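Below, each chain spelled out in residue letters.
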Amino acid sequence: MINPLIETSYDKVIATIESCNTKEQLTGAKKMLNNFKSLYGTVGFPKAYSYSLDKILNDKYIQLTCQL
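The model shown is predicted, which means the values in this text are computed figures rather than measured ones. (Residues numbered from 1 in each chain as written. Predicted model: local features only at pLDDT ≥ 70, side-chain atom pairs only at ≥ 80, totals over all residues. Heavy atoms only, no water.)

### As for the packing of helix H1 (residues 4–18) against helix H2 (residues 23–41)
Think of two packed helices as two axes; the pair is described by the angle between the axes and how far apart they sit. The N-to-C vectors of H1 and H2 enclose an angle of 165°; their axes lie 9 Å apart at closest approach. Of the possible angle classes, the one that applies to H1 and H2 is roughly antiparallel. Where H1 crosses over H2, the handedness of that crossing is left-handed. For the pair formed by H1 and H2, the contact residues are Leu5, Ile6, Ser9, Tyr10, Lys12, Val13, Thr16 and Ile17 on the first element and Leu26, Ala29, Met32, Leu33, Phe36 and Tyr40 on the second. A class-by-class count of the residues in the contact of H1 with H2 yields 11 nonpolar, two polar and one charged. (Axes fitted to C-alpha atoms, helices over the stretch in contact; angles between N-to-C directions. Helix = DSSP H or I, 4+ residues; strand = E, 2+ residues; numbered from the N terminus. Parallel < 35°, antiparallel > 145°, perpendicular 65-115°, else oblique. Left-handed = near helix turned anticlockwise from the far one by under 90°. Contact = heavy atoms within 4.5 Å. Nonpolar A, V, L, I, M, F, W, Y, C, P; charged D, E, K, R; others polar.)

### Considering H1
The first and last C-alpha atoms of H1 sit 21 Å apart over 15 residues, in line with the 21 Å expected at 1.5 Å per residue. Considered for burial, the residues of H1 that qualify are Ile6, Ser9, Tyr10, Val13, Ile14 and Ile17. Viewed end-on, H1 has its buried residues packed into an arc of 140°, placing them on one side of the element. Across H1 from its buried face, at more than 90 degrees, point the exposed residues Pro4, Leu5, Lys12 and Glu18. Looking at the buried positions of H1, the neighbouring elements they touch are H2 and helix H3 (47–67). (Expected span 1.5 Å × (residues − 1). Buried < 20%, exposed > 50% of the residue type's maximum accessible area, 1.4 Å probe, protein only. Arc of directions from axis to C-beta.)

Next up, the structure:
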């Protein structure tokens with residue numbers, strides 16, 4: 001069973017990434033994602049979370065690039 005704190009933080013990272021409207025905001029979201037990985041990597045969070053967040057960040061970057 002996954003710790004509810006990890007799930008809450010995971011959801012917040014996703015919400016932050018999805019709310020980005022500029023590349024500068026996305027840079028801040030990437031820092032948040034890296035902090036999430038650093039913090040929860042030591043307690044062994046599922047790697048699927050990491051891959052999922054990387055994909056969401058990449059998709060958002062592509063979306064913003066196509067809009068500009």
